[in-house]
Amino acid sequence: MRHVIELQSAATVINPAGTPVETWSAVGTFRAEVVQQDAQEFLRAQGAVGEVGAVFRIRGLVTVQLAWRVMFRGEIYNIREIGGLDRQTGLELRCTRIEEGS
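For the structure given in this document, a descriptive report is provided here. Quantities reported herein were computed from a predicted structural model and do not represent experimental measurements.

### Considering the overall build of the protein
Looking only at helices and strands, one finds zero helices and six strands in the protein. Reading the helices (α) and strands (β) of the protein from amino to carboxyl end gives β-β-β-β-β-β. Within the protein, buried positions represent 32% of all 102 residues. Accessible surface, the protein as shown: approximately 6400 Å² in total, 48% of it carbon and sulfur.

Following this line, the structure appears as structure tokens:
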């Protein structure tokens, strides 16, 4: 496991003006293996959209939710699916990063 990922969850905080603001906070940093990373391009009504998929494998007893996201090398990946490994040894996180206009 040579890569480092950060799992993040959505949170609502109150800014100095007293307004609730949606933000992301770190749940934890984990060593991970990037099992697969691929790119596809789709045509949508707004134009071409590049979609990059990645599978991250992490070890240990970790609770992960689909509403969370992964930060890897400064890029954000939405978690689409959790599974793949025995929960006592680790998890596979199947994720998608979407870039508009690529």
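The discussion continues.
### Overview of the environment of Ile 76
As for its position among the elements, Ile 76 is in strand S5 (residues 75-83). For the pair Ile 76 and Gln 8, spaced 68 residues apart in the sequence, the C-alpha separation amounts to 9.6 Å. With residues near it in sequence (within four places) discarded, Ile 76 still touches Gln 8, Arg 69, Val 70, Met 71, Thr 96 and Arg 97.

### Remarks on the nonpolar core
In this structure, Phe 56, Val 64, Val 70 and Leu 93 are the most contacted members of the largest nonpolar core, which totals 17 residues. Looking at this core, the elements that each hand over two or more residues are strand S1 (3-14), strand S3 (47-59), strand S4 (69-72), S5 and strand S6 (90-100). Per-element tally for this core: the top contributor is S3, with four residues. Apart from residues lying up to four places away in sequence, Leu 93 is in contact with Ile 5, Leu 7, Ala 54, Val 55, Phe 56, Ile 58, Val 64, Val 70, Glu 81 and Ile 82.

### Things to note about the packing of aromatic side chains
Enumeration over the complete set of coordinates arrives at three aromatic pairs. Here Phe 56 and Phe 72 contribute two aromatic rings whose centre-to-centre distance is 5.2 Å and whose plane-to-plane angle is 70°, an arrangement assigned as edge-to-face. Residue Phe 56 is located in strand S3, and its partner Phe 72 is located in strand S4; the two are separated by 16 residues in the primary sequence. Neither residue differs from the other here; Phe 56 and Phe 72 are each classed as buried. Between Phe 72 and Tyr 77 the ring centres are 6.4 Å apart and the planes differ by 55°, which places this aromatic pair in the tilted class. A relative accessible area of 3% means that Phe 72 is categorised as buried. Take Tyr 77: its relative accessible area is 0%, and that puts it in the buried class.

Calculation notes
- Residues numbered from 1 in each chain as written.
- Predicted model: local features only at pLDDT ≥ 70, side-chain atom pairs only at ≥ 80, totals over all residues.
- Heavy atoms only, no water.
- Helix = DSSP H or I, 4+ residues; strand = E, 2+ residues; numbered from the N terminus.
- Buried < 20%, exposed > 50% of the residue type's maximum accessible area, 1.4 Å probe, protein only.
- Areas by Shrake-Rupley, 256 points an atom, 1.4 Å probe, with all protein chains shown as cover.
- Contact = heavy atoms within 4.5 Å.
- Core = buried A, V, L, I, M, F, W, Y, C linked by side-chain atoms within 4.5 Å.
- Phe/Tyr/Trp six-rings, centres within 6.5 Å; stacked < 30°, edge-to-face > 60°.

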